[in-house]
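# Residue-level structural notes
Residues per chain, in single letters:
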Amino acid sequence: MEVTNGENVAKELGLRKEEYEKILSILGRVPTPTEIAMFSVEWSEHCGYLHSRKWLEVLPREGKFSPFWGEDAGGIVYDGLALVFKMESHNHPSQIEPKQGAATGVGGIIRDILGSGARPIACLDSLHFGPGEDERSLYVFRGVVEGVAFYGNCVGVPTVAGELYFYPAFRGNCLVNVMCLGIAPREKLTQAKAQGEGNYIVYVGNKTGRDGIGGCSILASQEFGAEEKRPSVQIGDPLAGKCLVEATLEALNTGYVVGVKDMGAAGLTCSTSEMAASGRSGVEIDLDLVPLREEGMEPWEIMMSESQERMLLCVRRGYEEEIIQIFQKWGLEGEIIGEVKDTGKVTIKYRGEIVADIPALELTRPPVYTPPRERPLYLDKVNNFSLQSISLPSNYEEILLRMVSSENLSSRRPIFEQYDHMVGINTVCLPGSGTVVLRVKGKKWGIAVTSDCNPLYCYLSPREGAKMAVAEAARNLSACGAKPAGVTDCLNFGSPEKPDRYWQFVEAVEGLSEACRFFGIPVVSGNVSFYNENPEGAIFPTPTIGMVGIIEEAEKAVSAGFGEDDLILVLLGETKEELGGSEYLRVIHHREEGPPPQVDLEREKNLQELLITLVKEEILSSAIDLSEGGLIMALVESSVVGESPRGAIVDLECLGEMREDALLFGESGGRALVSVRGEFLNSLQRLAQEHNIPCQVIGKTGGEKLVIKKGGKLLISLSVEELKNCWERGLGE
Amino acid sequence: MKFGVVVFPGSNCDYDCYYVLSQVLKAETVFIWHEDRSLKDCDCIVLPGGSSYSDYLRAGALARFSPVMEAVQEFAESGGLVIGICNGFQILTEAGILPGAFLPNRGGRFICCPVYLRVENNQTPFTLLFAPGEVIKVPIAHRQGNFFIDSLHQEEVKKRIVFRYCGPQGEIDSCYNPNGSWENVAGIVSGQGNILGLMPHPERAAEKILGSEDGRRVFLSVIKWWEEKKWK
Amino acid sequence: MKYRGKVVITLKPGVFDPQGATICNALHALSYREVEEVKTGKYLEIILESENCSQAEKRIQEMCDRLLCNSVIESYSYQVEEVKS
Amino acid sequence: MKYRGKVVITLKPGVFDPQGATICNALHALSYREVEEVKTGKYLEIILESENCSQAEKRIQEMCDRLLCNSVIESYSYQVEEVKS
Ligand SMILES: Nc1ncnc2c1ncn2[C@@H]1O[C@H](COP(=O)(O)OP(=O)(O)O)[C@@H](O)[C@H]1O
Ligand SMILES: [Mg+2]
């Protein structure tokens, strides 16, 4: 084997001195360049979760619905079907090449779900950017949406929901978190394992190029002379992505596939070592058999390449031709590149020589770090805002129009209309009209999905913000009648090596964990993205929650729009004088200050149960949960999103004595706005009382205006049409 | 009667069409692979929507050279029933089986939403079950749905318009035109009337739970037409 | 011998170019007010083996007519050059 | 005076071009077997008002850097000519 000055190369690739020493002791010799490369990617933060692994262990794993875990994605089982889901970040690539970064994010998460044996049926995208007035942020935002649309629409998995926020803190680092949901009969789930001595390791999909190994160009210039620095951005190929989905499912259906794994981050290194490790076996790979797109690729380049649209299969010996033919039929590569050995090692050969020989288990057991953490100093400063310093507006109409057309509150239609959100003909409640619900063909029940996180709350209080994200997601699902069933998360933070960022991370994980445990929702999968910072600072800590719920009768799903005149409007939950962290404070008074609204988990849980019961009993005509923008945004949305928009007359007097702006724009949690026909009001009130949820009749629907009064005082009287126009044009064109 | 749904690499509404035909309408339906040269004795061929070849080069440009398209062309010429939906419509124009071409949407972006259509001609095998001038609601989902026809052929094609984008009351106006299509065209038939191309997705509006059942009648018309023809 | 064909495909005059209009607007927003019009097209580079330049040209023209260009809406132009190895 | 900038934007060497590869396959299927590689790019024609040619060039180069081309994966070239009216 080739000898090298390993220590230097290791350092260049980001391995610490003690990590290099650990490698020496694992191997009992000096590593080859390929081995160092393999360790460096497997033990990178991105693949190895070095700083987060310890904390992820505290996340609850049990809930009301039976969960399961795969290597890449987990899920829940309901009625014999496995719902597999996972969220993943593509922040860094999207910041430098928005379109391709986002496109490959979609492709990658789809293959993660595919790797569990499930058919991907829906995607969600949670996006955060700097403000749109910023030239670069606007460019990134537009490119990202274009990328999600390009890949998602071509690959034929509907992008059904998501979220979109603009805060200055994301100027230098956007967030692109993509979630995918897949479905499979329970018994068809597959594992990412290589097993059975003599079985074949089969490479399928696109060819391997030098994509995504820019990080290694240091190595290149050190070891192999000055070479042009290659872009570390990968290019998505939705055509191959779509064909790979079909071919893989067809191959799995034969029953001859022992294990399958997506070649995502860290490519062949990750797929070979993790398949071997989880199969408790070894694999031997011959790199000369790997289909290459470029000439002269070095073995370490082949092992580290992150070329897209590739998967690795372990196939039962004797059936390899049949499997390969399936992929070739779909126009994809299909090559035997190695076989399963009982050595427990990942052995890589190149031109007849062994270039790497590493115990698989050791390679997949990166070190765990828990560096010091420290409560950041900014917290005290930003959390003592006092309402006294904010003068009451004199004209609420003008303020409301500014709010509804603001970047964070305006209609998302210009975004989700660019996504094919109907392909697959399962989307029975469309985006923009409330919570998105997918039917399951042949079943009465359906699946509701959402993604939520308010980064400003999390900045003001990472723990409370994370709890609120979980509460909001669950509120969202229950508003349509779905029971929250499982969570996936994507934890976006700054550098874990900085004590204040690391503190934010740990706080958020604990908050997330507490809320999920309280609600009985298992966290089935997730992803951590650190180092979201640049010289100007870190992003707001953003633990994005993806949540999946079950609605027993999909046909009963309730949406947000007011469906008819003379419905009685009822506010469920308690309104407190809370304006900290609100969009009102940010947009109108330019203050990103807190404390954010308090989270009352007990109340949230009761509200969820109440809403689910109300939908089941068919009491509600419409329902929407309250979140950013408070009560007034819920009223505006319900007025404008229906089939035929209609107004309402509302009196806030009954909500108690407090500032009018807090009544209108405050973001207290645990609330929902529902409408019912007169004859159902009694049942509604009775059930609300049983669930210990305050319940106030605040008005009724009808007319062409949204009229808001407080006792004798008229606060707002605006035509629904004007509100709708403002709301829909908020994001420009 | 038997439907055949063609599968091109990248097609993604193939299964949706198959599901509606076979499960919702209980019609005999088979998939036809793009490399097949035979149409498996099908009576109506559906070219489904959804970016064959990911719309590389131009939407429909690569799929039209698939081996199956020779058979489709022959079948169409001999009077066989063909429906091209969305990308299927684009493939038909690229192959010259239907006239015209598609430009990117007027707004330059992909659009997915339900739209209203006015049935301009109910004398085709695909629209028998609609009333003349009826307004129906069917979703669109495309990036290149802006139908273009050169001035030489406009008169001819005008007579063959089957569906036009319209307002909720059937108003034909450019403000109800989602993509800039010439004459608000959403669907046309061939000169013989046996080939339908339409940008909206009838298979997405074939079940009550999806919000509209209007699209179902496109397929039901075909079945009825076929049965009546058989009786004659 | 090896040739490189450089093909430019543009929309025919009079055919509305929404992408061009979008880019033009974006340029105006970045305050390039002097821009009057933007037209978009495709660029393709085709590397091919051929006996001589005129043969290569003939083939490229054929590819354009058959596949690369849709003559209902597009027109094309191309240049062929030898690739020196 | 009026100028026309002709901009060609291509992917940098080594950047995967799935569209080009797919078109290449299609050409092979149409029996243009002599084609070795197809690379796709964008073509833009920008009509702009400018004092002189070098000013027009400067502006076009700026537009490429700021909006039209992402130097992470793409490179561009352009030519400017006067539009005679
Ligand atoms: N980036 C996005 N992609 C797709 N859909 C989105 C995106 N952002 C928002 N949406 C959709 O727009 C609607 C309104 O968004 P939002 O106000 O964040 O929802 P919610 O009130 O349910 O949290 C929802 O249907 C949501 O799924
Ligand atoms: Mg939300």
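Residues numbered from 1 in each chain as written. Chains lettered and ligands numbered in written order. Predicted model: local features only at pLDDT ≥ 70, side-chain atom pairs only at ≥ 80, totals over all residues. Heavy atoms only, no water.

### A word on the overall build of chain C
Each helix and strand in chain C was counted, giving two helices and three strands. Element order for chain C, N to C, with α for helix and β for strand: β-α-β-α-β. Rg of the C-alpha trace for chain C: 16 Å, well past the compact-globule value of 12 Å for 85 residues, more than 25% over. The principal-axis extent of the C-alpha atoms belonging to chain C is close to 50 × 30 × 15 Å. By residue count, 46% of the 85 residues in chain C fall in the buried class. Contacts in chain C between residues far apart in sequence, at least 24 positions, make up 69% of those at least 6 positions apart. Total accessible area computed for chain C in this model is approximately 4,200 Å², and 48% of it derives from carbon and sulfur atoms. Distance from the positive charge centre (11 side chains) to the negative charge centre (13 side chains) of chain C: 3 Å. (Helix = DSSP H or I, 4+ residues; strand = E, 2+ residues; numbered from the N terminus. Rg over C-alpha atoms; globule rule 2.2 N^0.38 Å. Buried < 20%, exposed > 50% of the residue type's maximum accessible area, 1.4 Å probe, protein only. Contact = heavy atoms within 4.5 Å. Areas by Shrake-Rupley, 256 points an atom, 1.4 Å probe, with all protein chains shown as cover. Lys, Arg positive; Asp, Glu negative; His and termini not counted. Charge placed at Lys NZ, Arg CZ, Asp CG, Glu CD.)

### Observations concerning the sheet that holds strand E4 (residues 81–85) of chain B
All names here are of chain B. Read from one edge of the open sheet, nine strands run E2-E1-E3-E4-E11-E10-E9-E6-E7, paired in mixed fashion. Each edge of the open sheet is held by one strand with a lone partner, namely strand E2 (28–33) and strand E7 (135–142). With direction set aside, neighbouring strand axes in the sheet form an average angle of 25°. Pairing analysis gives three bridges linking strand E9 (residues 161–166) to strand E10 (residues 185–189), with the strands arranged antiparallel. The partner of isoleucine 161 across the bridge, within E10, is isoleucine 188. (Pairing = 2+ DSSP bridges. Axes fitted to C-alpha atoms, helices over the stretch in contact; angles between N-to-C directions.)

### Some remarks on the domain arrangement of chain A
Residue and element names in this part refer to chain A. Structurally, chain A comprises domain 1 (6–51 + 190–363), domain 2 (62–189 + 417–556) and domain 3 (387–401 + 558–728). Distance between the C-alpha centres of domain 1 and domain 2: 27 Å. Taken together, the contacts link 29 residues of domain 1 with 32 residues of domain 2. Of the roughly 2,600 Å² buried between domain 1 and domain 2 on both sides combined, carbon and sulfur atoms contribute 58%. When the buried surface of domain 1 facing domain 2 is broken down by residue, His51, Thr190 and Pro238 rank first, second and third, together holding 23% of it. In this assembly, domain 1 and domain 2 are joined by three salt bridges. The shortest N-O distance in the salt bridge between arginine 111 and glutamate 309 comes to 3.7 Å. (Domains from an automatic or database assignment. Buried area = accessible area lost by both parts, 1.4 Å probe. Salt bridge = Lys/Arg side-chain N within 4 Å of Asp/Glu carboxyl O.)

### As for the interface of chain D and chain C
At the junction of the two partners, chain D supplies 31 residues and chain C supplies 31 residues. Across the interface of chain D and chain C, roughly 2,900 Å² is buried in total on both sides, 60% from carbon and sulfur atoms. Broken down residue by residue, the surface that chain D buries against chain C is led by D:Tyr32, D:Glu34 and D:Tyr43, which jointly contribute 22%. Joining chain D to chain C, the criterion identifies four salt bridges.

### As for the interface of chain C and chain B
Listed as interface residues are 16 residues of chain C and, on the opposing side, 19 residues of chain B. Roughly 1,300 Å² of surface becomes buried between chain C and chain B when both sides are summed, with 66% attributable to carbon and sulfur atoms. Taken as a group, C:Pro18, C:Leu67 and C:Val72 account for 35% of the area that chain C buries against chain B, more than any other trio of residues on that side. For the side of chain C that touches chain B, the elements supplying multiple residues, two or more each, are helix H1 (18–29), strand E2 (35–49) and helix H2 (53–68) of chain C. When grouped by side-chain class, the residues that make up the side of chain C that touches chain B number ten nonpolar, three polar and three charged. (Nonpolar A, V, L, I, M, F, W, Y, C, P; charged D, E, K, R; others polar.)

### Focus: helix H25 (residues 681–690) of chain A
All names here are of chain A. Of the residues making up H25, those classed as buried are Leu681, Ser683, Leu684, Leu687 and Ala688. Down the axis of H25, the buried side of the element spans an arc of 160°, and every buried residue falls inside it. Turned more than 90 degrees off the buried face of H25, the exposed positions are Asn682, Gln689 and Glu690. Against strand E22 (568–572), helix H22 (601–616), strand E25 (672–676) and strand E26 (695–701) lie the buried residues of H25. The first or second residue beyond H25 is asparagine 692, which carries a positive phi of 60°. (Arc of directions from axis to C-beta.)

### Considerations on the coordination of the magnesium ion (ligand 2)
All names here are of chain A. Protein coordination of the magnesium ion (ligand 2) is provided by Asp452 (OD) and Glu472 (OE), with donor distances spanning 2.3 to 2.6 Å. Residue aspartate 452 is located in strand E16 (residues 446–452), and its partner glutamate 472 is located in helix H19 (residues 462–480); the two are separated by 20 residues in the primary sequence. Residue glutamate 472 is classed as buried on the basis of its relative accessible area, which comes to 5%. (Donors = N, O, S within 2.8 Å, 3.2 Å for Na, K, Ca; no water.)

### What to know about unusual backbone geometry
Of note, the bond from A:Gly594 into A:Pro595 is cis; its omega dihedral lies within 30 degrees of zero at 15°. Looking at where A:Pro595 falls in the secondary structure, it is placed in the loop between helix H21 (583–589) and H22. Not every positive phi belongs to a glycine, and A:His590 is a case in point at roughly 55°. Structurally, the position occupied by A:His590 is in the loop between H21 and H22. Overall, A:His590 belongs to the exposed group, its relative accessible area being 65%. A positive phi angle, close to 55°, is found at B:Asn184, a residue other than glycine.

### Quick word on the side chain of A:Ser668
Residues and elements named next belong to chain A. Within the secondary structure, serine 668 sits in the loop between helix H24 (660–665) and E25. Overall, the relative accessible area of 2% leaves serine 668 in the buried class. Within the local environment of serine 668, its side chain forms a polar contact with the backbone nitrogen of lysine 576, the two atoms lying 3.1 Å apart. Among residues more than four places away in sequence, those in contact with serine 668 are Glu574, Thr575, Lys576, Glu578 and Pro597. (Polar contact = N/O pair within 3.5 Å; in protein donor to acceptor, adjacent residues only side chain to side chain.)

### Topic: the relation of the copies chain D and chain C
The operation relating chain D to chain C is a screw motion whose rotation component is 180°, with 0.0 Å of axial translation and a residual RMSD of 0.2 Å. As the rotation angle and translation indicate, the two copies are arranged about a two-fold axis. Distance from the rotation axis, computed per C-alpha, reaches its smallest value in chain D at D:Lys42: 2.4 Å. Comparing interface residues between copies, 100% of those in chain D also sit at the interface in chain C, which points to an isologous, same-surface contact. (Least-squares fit on C-alpha atoms with pLDDT ≥ 70 in both.)

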